[in-house]
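Spelled out, the chains give:
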Amino acid sequence: MKHALPTDAVPAWDGSVAKARALQTELAAKLRLVDDRPPLRLIAGVDVGFEEEGAVTRAAAVLLDAVTLAPLAEVIARLPTRMPYIPGLLSFRELPALLEALEQLPATPDLVFVDGQGIAHPRRLGIASHLGVVTDLPTIGVAKSILVGVHQDVGMLRGDRVPLHYQDEVIGCVLRSKDKVRPLIISPGHRVSMQAAPELVLACCTKYRLPEPTRLADRLASRRDRRR
DNA sequence: GCGACAG
DNA sequence: ATCTTGTCGC
């Protein structure tokens with residue numbers, strides 16, 4: 001995907017949670033939650049896994065045809081793990097490897113599905129939003145569980161959804177991606193509206209709970225493709 | 001002060 | 001996230 005991504009967009013971890021949070025608030029001010037995206041031709045899915053007892057961070061990026069959802073390319077990036085997992089600061093741990101993987105893709109995607117929250121975050125900067133702001137790529141957060149926020153019960157059928165609320169605001173939605181499966185937590189990352197996010201995700205959900213981009217990236221990152 | 005807490 | 005096979009339910 002050309003040579004234009006900021007692989008140094010995430011500062012080295014110095015142990016200061018307060019400093020990291022301040023940077024998140026600063027970056028969140030640059031979010032644009034509007035549909036100013038180019039026509040959808042290529043969609044990417046990215047996810048992270050670990051090797052060597054967590055010492056190595058392994059990021060996977062998959063590029064698919066937006067219409068047929070057929071995979072066009074798969075790449076993997078490995079970087080030494082810099083910091084531990086701290087709720088609310090996930091991007092500082094996983095973003096460096098993710099950017100490296102995106103860089104290796106043969107083309108720039110028109111939209112990126114990220115495993116984790118978009119703006120459904122205490123300071124509105126989950127990993128999907130963080131990735132979007134530093135690359136200016138359109139992103140959507142596709143999480144398997146909630147970080148913050150509350151919601152009413154969701155219908156049991158594919159497509160059913162309810163808003164996710166946090167401090168008097170709607171920060172995303174809880175979406176049933178398939179009949180009778182645990183719902184996904186969807187939130188805009190960057191350059192995608194609150195209304196479009198769940199629609200785009202649903203359009204990529206075929207016969208599994210996870211949308212194709214994230215499902216394929218998930219398999220690669222967790223090396224579930226190699227082992228039985 | 002106590003509990004919650006993406007991956 | 002990760003350690004891990006078969007198994008219960010739709």
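Cut-offs used in this document
- Residues numbered from 1 in each chain as written.
- Chains lettered and ligands numbered in written order.
- Predicted model: local features only at pLDDT ≥ 70, side-chain atom pairs only at ≥ 80, totals over all residues.
- Heavy atoms only, no water.
- Pairing = 2+ DSSP bridges.
- Helix = DSSP H or I, 4+ residues; strand = E, 2+ residues; numbered from the N terminus.
- Axes fitted to C-alpha atoms, helices over the stretch in contact; angles between N-to-C directions.
- Contact = heavy atoms within 4.5 Å.
- Near = heavy atom within 4 Å.
- Polar contact = N/O pair within 3.5 Å; in protein donor to acceptor, adjacent residues only side chain to side chain.
- Nonpolar A, V, L, I, M, F, W, Y, C, P; charged D, E, K, R; others polar.
- UniProt positions renumbered as here; feature names shortened; annotations may be inferred.
- 1 Å grid on protein atoms, 1.4 Å probe; cavity = no way out; pocket = protein on both sides within 12 Å on 5 of 7 lines; lining within 4 Å.
- Buried < 20%, exposed > 50% of the residue type's maximum accessible area, 1.4 Å probe, protein only.

Undergrad: Sorry, what's going on with the sheet that holds strand 8 (residues 184–190) here?
TA: In any sheet, the strands associate via hydrogen bonds between backbone groups, in a parallel or an antiparallel arrangement. Taken together, the eight strands give an open sheet; going across it, the order is 3-2-1-4-5-8-7-6, and neighbouring strands pair in mixed fashion. Edge positions in the open sheet fall to strand 3 (71–80) and strand 6 (161–166), since each of these has one partner strand only. Across the sheet, the mean angle from the axis of one strand to that of its neighbour is 25°, orientation sign disregarded. Pairing of strand 5 (residues 139–143) with strand 8 involves five bridges; the strand directions are antiparallel. Directly across from Val142, in strand 8, lies its bridge partner Ile186. Sitting on the sheet, helix 3 (residues 127–135) touches strand 1 (42–51), strand 4 (111–115), strand 5 and strand 8, and the angle it makes with strand 5 is about 165°.

Undergrad: Just checking my understanding: could you explain the protein's contact with DNA strand B for this structure?
TA: With respect to spatial proximity, 17 residues lie near DNA strand B, and among them Tyr85, Gly88, Leu90, Lys144 and Ser145 are the closest. Counting only atoms of DNA strand B within 4 Å of the protein, the sugar-phosphate share comes to 47%. In the model, a phosphate oxygen of DNA strand B is placed 3.1 Å from a nitrogen or oxygen of the Ser145 side chain. Here the residues of the surface near DNA strand B are counted per class, giving eight nonpolar, five polar and four charged.

Undergrad: Help me out: how do you make sense of the UniProt feature "site: Interaction with target DNA" (unreviewed entry) in chain A in this one?
TA: As recorded in UniProt, the sites labelled "site: Interaction with target DNA" (unreviewed entry) are Tyr85. Topologically, Tyr85 is positioned in the loop between strand 3 and helix 2 (90–104).

Undergrad: I keep staring at the UniProt feature "binding site: Mg(2+)" (unreviewed entry) in chain A and nothing clicks. Help me out?
TA: The sites that carry the UniProt feature "binding site: Mg(2+)" (unreviewed entry) are, in the present numbering, Asp47 and Asp115. Of the residues just listed, which span 69 residues, no C-alpha pair is farther apart than 5.6 Å, and they cluster in one region. Lining the largest pocket, from the set of annotated residues above, are Asp115. By the element assignment, Asp47 lies in strand 1. Beyond its immediate sequence surroundings of up to four residues, Asp47 is in contact with Arg58, Ala59, Ala60, Leu98, Asp115, Ala217, Asp218 and Ala221. In this structure, Asp115 sits in strand 4. Look at Asp115 and you get buried, because its relative accessible area is 18%. Other than its neighbours up to four places away in sequence, Asp115 contacts Val46, Asp47, Ile127, Val142, Lys144 and Asp218.

Undergrad: It is not clear to me how the environment of Lys180 should be interpreted in this structure. Could you clarify?
TA: Structurally, Lys180 can be placed in the loop between strand 7 (169–175) and strand 8. A relative accessible area of 65% means that Lys180 is categorised as exposed. It is 5.2 Å that separates the C-alpha atoms of Lys180 and Met156, two residues lying 24 residues apart in sequence.

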